[in-house]
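Structural overview
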Amino acid sequence: MTKTRTKTKTKRLKNVRWAAMRVLLGTVGRASAGIRIGYRHGFDSGSMLDYVYVNKAGGFPVVGHLIDRVYLNAVGWRAIRARRELLKDVLRKEIARRGGSDNGTGGGVRVLDVASGPGRYLQDVLAEYESGTLHVECRDLDRAGLAQGGRQAAERGLTGISYAYGDALDPAPASPAPDIVVVSGLYELLLDDAVISASVARLRGMLAPGGVLVFTTQTHHPQLEFIANVLPNREGVLWEMECRPVELAEQWAARAGFTEVASRRESVGLFTVTTARR
C-alpha cells in the first residue's frame, strides 16, 4: 500500500471517528446542561464561558450531571477558569497602580471590555470596590450574553457596570476614555494575525494617556483537533482556534507603540495574559 493510500485511509478513519463523536455529543451529550448551552449559543460564546466559570455540573439527573462534570473538567475549561483568576489579579494590580483614581474625568477607574459576554469575572472584581471608585463597560456582539450579564449584575445589586452592543474589531470611541481596555478570549478565535495586530493598534488609540491594554493569547491546546472537528461555534460552524507564541503577541503591542509590555501565564499553562501600557 502506497503512502498516499495509507494517508487517505487514515483520513477516512478520522472523519468517521469525528462524525461518530458529533453524533454522540449531539444526542447523549445533550443530557449535560453545558453541552446544551454550547449547541444553543456556540461553544465559544460568552454564555458558554459564563457557565464554565460557575463550574457547577447540571443537566438531567445522574447521567447528565456525570457527563457535565467530565465536560467541565476538560483541560481547556480548567485553563479558562485559571485565565479568569489571572485576569482578575492583573486588573486588581492595575487598579491599585492608579490608587483608585481615574484619568481626571471623574467616576473612578474606567474599565472597558470589548468582547465581554456576560462579564461575570468583571462583576466579581467590581464587587470588591466601593461604589464610585470603579466603572466597567461591557461590550459584545452577543445580545443574549449582554442581557444575561445585565440580569446578573442587577441580581447582585451592582452599580457602576453597563452593557452595550459593540464590535470588538470596530469599536466605537468611549467617553471618557478608558484607563484599562480588556480583550479576553477573542484573539485566539481569529485566524488572521493581521486582523489582531490592527486591533491592538486601534485599541491603543482608545485608551486614556497612561492607560493599559490587557489581552489574552492561547499558546497551545491539546484538544485543538477535536474542537475543530466536533464543536460548533456561535456561528454554527465548526470551531477553529489558532495558537500563537506569546512573543508574537508582545510584538504586536510593541509595534503598535505600547511600552512596558509584559506577559504572565495562567496555572494550567494554555493561556497568557499580556499587559501593554500606552
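Our subject is the structure that appears above.
Below: a short report on this structure.

Thresholds applied
Residues numbered from 1 in each chain as written. Predicted model: local features only at pLDDT ≥ 70, side-chain atom pairs only at ≥ 80, totals over all residues. Heavy atoms only, no water. Helix = DSSP H or I, 4+ residues; strand = E, 2+ residues; numbered from the N terminus. Contact = heavy atoms within 4.5 Å. Pairing = 2+ DSSP bridges. Right-handed = clockwise from strand over helix to strand, strands pointing away. Core = buried A, V, L, I, M, F, W, Y, C linked by side-chain atoms within 4.5 Å. Buried < 20%, exposed > 50% of the residue type's maximum accessible area, 1.4 Å probe, protein only. Axes fitted to C-alpha atoms, helices over the stretch in contact; angles between N-to-C directions. Parallel < 35°, antiparallel > 145°, perpendicular 65-115°, else oblique. Nonpolar A, V, L, I, M, F, W, Y, C, P; charged D, E, K, R; others polar. Arc of directions from axis to C-beta. 1 Å grid on protein atoms, 1.4 Å probe; cavity = no way out; pocket = protein on both sides within 12 Å on 5 of 7 lines; lining within 4 Å. Points joined across faces, edges and corners; volume = space filled by probe spheres on them. Expected span 1.5 Å × (residues − 1). Phe/Tyr/Trp six-rings, centres within 6.5 Å; stacked < 30°, edge-to-face > 60°.

So, unusual backbone geometry
A cis amide bond links S175 with the next residue in sequence, P176, at an omega value of 0°. Inspection of the secondary structure assignment puts P176 in the loop between β3 (161–165) and β4 (180–183). Although it is not a glycine, N55 adopts a positive phi angle of roughly 60°. Turning to its location among the elements, N55 is positioned in the loop between α3 (46–54) and α4 (63–72). Positioned with a positive phi, E260 is a non-glycine residue whose angle comes to about 50°. Here E260 shows up in strand β6 (residues 259–265).

Points about the side chain of T275
By the secondary structure assignment, T275 is in strand β7 (residues 271–277). When sequence neighbours within four positions are dropped, the list of residues in contact with T275 reads V90, E94, V212, L213, V214, E260, V261 and A262.

A word on the pairing of β3
In terms of strand pairing, strand β2 (residues 134–140) meets β3 through five bridges, oriented parallel. Of the residues in β3, the one forming a bridge with V136 is I161. In this region the chain leaves β2, passes through helix α7 (residues 143–155) and returns to the parallel neighbour β3; the handedness of that crossover is right-handed.

Things to note about the nonpolar core
Counting residues in hydrophobic clusters, the biggest one holds 46 residues, and the most contacted among them are F43, M48, W77, L134, V136, I180 and V214. Sorting elements by how many residues they give to this core places helix α5 (residues 75–97) first, with nine residues. Apart from the residues lying within four places of it in its own chain, the contact partners of M48 are G34, I37, G38, G42, F43, Y71 and W77. Counting 24 residues, the second-largest nonpolar core is a separate cluster that includes A115, A168, A253 and F258.

Description of the packing of helix α2 (residues 33–41) against α4
Helix packing for two helices is described by the angle between their axes and how far apart those axes are. Here α2 crosses α4 at 70°, and the two axes come no closer than 7 Å. Considered as vectors, α2 and α4 are oriented roughly perpendicular to each other. Within the contact between the two elements, α2 uses A33, G34 and I35 and α4 uses I67, D68 and Y71. Each residue belonging to the contact of α2 with α4 can be placed in one class, and the counts come to four nonpolar, one polar and one charged.

What to know about helix α10 (residues 246–255)
One turn of the α-helix equals 3.6 residues, which is why residues spaced by three or four share an orientation. The set of residues buried in α10 consists of V246, L248, A249, W252 and A253. Down the axis of α10, the buried side of the element spans an arc of 160°, and every buried residue falls inside it. G257 occupies a position one or two residues after α10 and carries a positive phi of about 100°.

Looking at empty space enclosed by the protein
According to the stated counting rule, one finds one cavity of 30 Å³ or more in the structure shown. Lining the largest cavity we find Y187, E188, T216, T217, Q218, E242, C243, R244 and W252. Residue contributions to the lining of the largest cavity peak at three residues, all from strand β5 (residues 212–218). Of the residues in the lining of the largest cavity, the class split is three nonpolar, three polar and three charged.

Description of α5
Here α5 spans 33 Å end to end across 23 residues, near enough to the 33 Å set by a 1.5 Å rise per residue. A positive phi of about 60° marks G99, the residue just after α5.

A short note on the packing of aromatic side chains
In total, this model carries six aromatic pairs according to the counting rule given. Arranged with centres 5.4 Å apart and planes meeting at 80°, the rings of Y39 and F43 form a pair that is edge-to-face. A relative accessible area of 23% places Y39 in the partly exposed class. Arranged with centres 6.2 Å apart and planes meeting at 75°, the rings of F43 and Y71 form a pair that is edge-to-face. In this pair, F43 is assigned in the loop between α2 and α3 and Y71 in helix α4, connecting sequence segments 28 residues apart. Note on F43: relative accessible area 0%, which makes it buried. Every member of this aromatic cluster is reached through a ring pair, and the members are Y39, F43, Y71, W77 and W239.

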